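Structural characterization, general
Listed below, chain by chain, are the residues.
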Amino acid sequence: MTRLQTLKNNLQDEQLDAIVVLSDYNRRYLSKFSGTSGALVITTSEQYLLTDFRYIEQATNEATEFEIVNQQGNLIDAIVQQLESVNAEKVGFEGDLISYDQFTQLDKGQYTLQSISGLIEKIREVKDEDEIELIQQAADIADEAYEYILTVVKAGMTEQQVKAKLESKMLELGAEGTSFTTIVASGQRGALPHGVASDKAIENGDLVTLDFGAYYKGYASDMTRTFAVGQPDQKLVDIYNIVLEANKKGIEAAKPGITGKALDAVARDYIAEKGYGDAFGHSLGHGIGLDVHEGPAISKNSDATLNVNQCVTIEPGIYVEGLGGVRIEDDILITENGCQRFTKSTKDLIIL
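All figures in this text were calculated on a predicted structure; none of them were measured in a lab. (Residues numbered from 1 in each chain as written. Predicted model: local features only at pLDDT ≥ 70, side-chain atom pairs only at ≥ 80, totals over all residues. Heavy atoms only, no water.)

1. Some words on the overall build of the protein
Check the secondary structure of the protein and you find 10 helices and 19 strands. Expressed as lengths along the three principal axes of its C-alpha atoms, the size of the protein is roughly 70 × 40 × 35 Å. For the protein, buried positions account for 55% of its 352 residues. Intrachain contacts of the protein at a sequence separation of at least 6 include 65% that bridge at least 24 residues. Working note: accessible area of the protein is about 15,200 Å², and carbon and sulfur atoms make up 45% of it. If you average the places of the 31 positive and of the 55 negative side-chain charges in the protein, the two averages end up 5 Å apart. (Helix = DSSP H or I, 4+ residues; strand = E, 2+ residues; numbered from the N terminus. Buried < 20%, exposed > 50% of the residue type's maximum accessible area, 1.4 Å probe, protein only. Contact = heavy atoms within 4.5 Å. Areas by Shrake-Rupley, 256 points an atom, 1.4 Å probe, with all protein chains shown as cover. Lys, Arg positive; Asp, Glu negative; His and termini not counted. Charge placed at Lys NZ, Arg CZ, Asp CG, Glu CD.)

2. A word on the sheet that holds strand β8 (residues 183–186)
With antiparallel pairing, three strands are arranged side by side in an open sheet as β8-β9-β12. Edge positions in the sheet fall to β8 and β12 (223–229), since each of these pairs with one other strand and no more. For this sheet, the mean inter-axis angle between neighbouring strands, taken without regard to orientation, is 15 degrees. Looking at chain direction, β8 and strand β9 (residues 206–212) are connected through four bridges and run antiparallel. By the bridge assignment, V184 is partnered in β9 with L210. Here helix α8 (residues 159–172) sits on the sheet and contacts β8 and β9; the angle it forms with β8, its principal contact strand, is near 145 degrees. (Pairing = 2+ DSSP bridges. Axes fitted to C-alpha atoms, helices over the stretch in contact; angles between N-to-C directions.)

3. A look at the environment of G325
Along the chain, G325 turns up in strand β17 (residues 324–327). Of the residues examined, G325 reaches a relative accessible area of 3% and is grouped as buried. Distance from G325 to G190, taken between C-alpha atoms, is 4.4 Å for residues 135 residues apart in sequence. Residues within four places of G325 in sequence aside, it is in contact with G190, A191, L207, T209, T226, L236, I318 and Y319.

4. Quick notes on the layout of surface pockets
A volume near 380 Å³ is recorded for the largest pocket. If you go around the largest pocket, you meet 21 residues; those closest to its centre are R3, R28, Y29, K32 and Y219. Of all elements in the fold, only α1 (3–13), α2 (24–31) and α7 (129–149) reach the threshold of two or more residues within the lining of the largest pocket. Counting residues per element, the lining of the largest pocket draws most heavily on α2, at four residues. Grouping the constituent residues of the lining of the largest pocket by class yields eight nonpolar, four polar and nine charged. (1 Å grid on protein atoms, 1.4 Å probe; cavity = no way out; pocket = protein on both sides within 12 Å on 5 of 7 lines; lining within 4 Å. Points joined across faces, edges and corners; volume = space filled by probe spheres on them. Nonpolar A, V, L, I, M, F, W, Y, C, P; charged D, E, K, R; others polar.)

5. Regarding the packing of α7 against α8
For the pair α7 and α8, the least separation of the axes is 9 Å and the interaxial angle reads 135 degrees. Classed by the angle they form, the pair α7 and α8 counts as oblique. Note on packing geometry: the crossing formed by α7 with α8 is right-handed. Residues I141, A142, A145, Y146, Y148 and I149 of α7 form the contact with α8, whose own contacting residues are V162, K165, L166, K169 and M170. Residues that form the contact of α7 with α8 fall into these classes: nine nonpolar, no polar and two charged. (Parallel < 35°, antiparallel > 145°, perpendicular 65-115°, else oblique. Left-handed = near helix turned anticlockwise from the far one by under 90°.)

6. Side note on the pairing of strand β19 (residues 338–341)
Examined bridge by bridge, strand β18 (residues 330–335) and β19 share four bridges and lie antiparallel to one another. In the strand pairing of β19, I334 is matched with C339. Between the antiparallel neighbours β18 and β19 lie two residues.

7. Some words on the pattern of salt bridges
Within the structure shown, the criterion is met by 17 salt bridges. For D128, the salt bridge is made with R3, and the minimal N-O distance between the two is 2.8 Å. Residue D128 is found in the loop between α6 (119–124) and α7, and its partner R3 is found in helix α1; the two are separated by 125 residues along the sequence. Overall, R3 belongs to the buried group, its relative accessible area being 18%. (Salt bridge = Lys/Arg side-chain N within 4 Å of Asp/Glu carboxyl O.)

8. Overview of α2
Those residues of α2 that fall on the buried side of the exposure criterion are N26, R27, Y29, L30 and S31. Between a side-chain oxygen at the N-terminus of α2 and the backbone nitrogen of Y25 the separation is 3.3 Å; the capping residue is S23. Just downstream of α2, K32 is the residue with a positive phi angle, here 70 degrees. (Polar contact = N/O pair within 3.5 Å; in protein donor to acceptor, adjacent residues only side chain to side chain.)

9. Some thoughts on the pairing of β12
Along β12, seven of the seven residues are buried, which leaves the element largely enclosed by surrounding structure. Alternating positions in β12 separate into two faces, M223, R225, F227 and V229 on one and T224, T226 and A228 on the other, with burial throughout. Where β9 meets β12, seven bridges bridge the pair, whose relative direction is antiparallel. Within β12, the residue paired with F212 across the bridge is M223.

Spelled out as structure tokens, the structure:
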């Protein structure tokens, strides 16, 4: 079943005449249109892509299943006109994404509005073969960039310099860009889970955590590796081995039917047993796809059940203020019999 048909079936279930899609990710997912301005109006029998003159040719080439409407004037006004032209009476909209001002403009039409927050995002969680291949290519770029960075990092380089070399390499390898702000955290800054690159110089004995990803044809990768420049403190080596084992346990346990809560507990309980439960403060993972952070959630509060062809991260970490930290993250695909890794870079502790 196509993405559009799956959505249309949901429209019938919700007794909606039409749905308005403004999210960049959802618009691209349903129409394949990669432009940065436009909206979809989808009914049970028709689908329209509204965009302005800048994108008409691009939209025609990419959104081949949609009727392209050349937007005149304000986009929301054009949407209202389109909804009235199809005689829509009950219209779904992305309540969690649309702004108050957009809502008040959209509410001017002769129809009633109903929020369908999360409906399209839920459909997006299960990937098709094309999406899986694009995520694999995004992961391959990140893997190769990591292998490269291990050949150039040395004491005295700043975190910003490492970031620049890493991102430049990903672009050289075909990435459209980074999938989020690259994290480079060395030494004591490794205790910052989201320690974006600074002007701190890497010193001998530092552990260095890199959390980064590539966008490739719209799809994201997200991986973390921690390595050492010079011999690190033995306590940090011990922490590294605990995190590595937690990562492996999480991957081994990932399979269809397990809940996000149960999978999170596999790694979290192991880290707690080793005495670092309070030092692992974030969730074990999240979905990846068009967005680098999407469903399903793998956290101690998630009742979501993993399904075949969902793509998620496994990223345990330990962070000790005044000492440093370790995080190891892989992207995985849920398969019928368990899972397989997208990211394949070595997870052994590398000491440069």
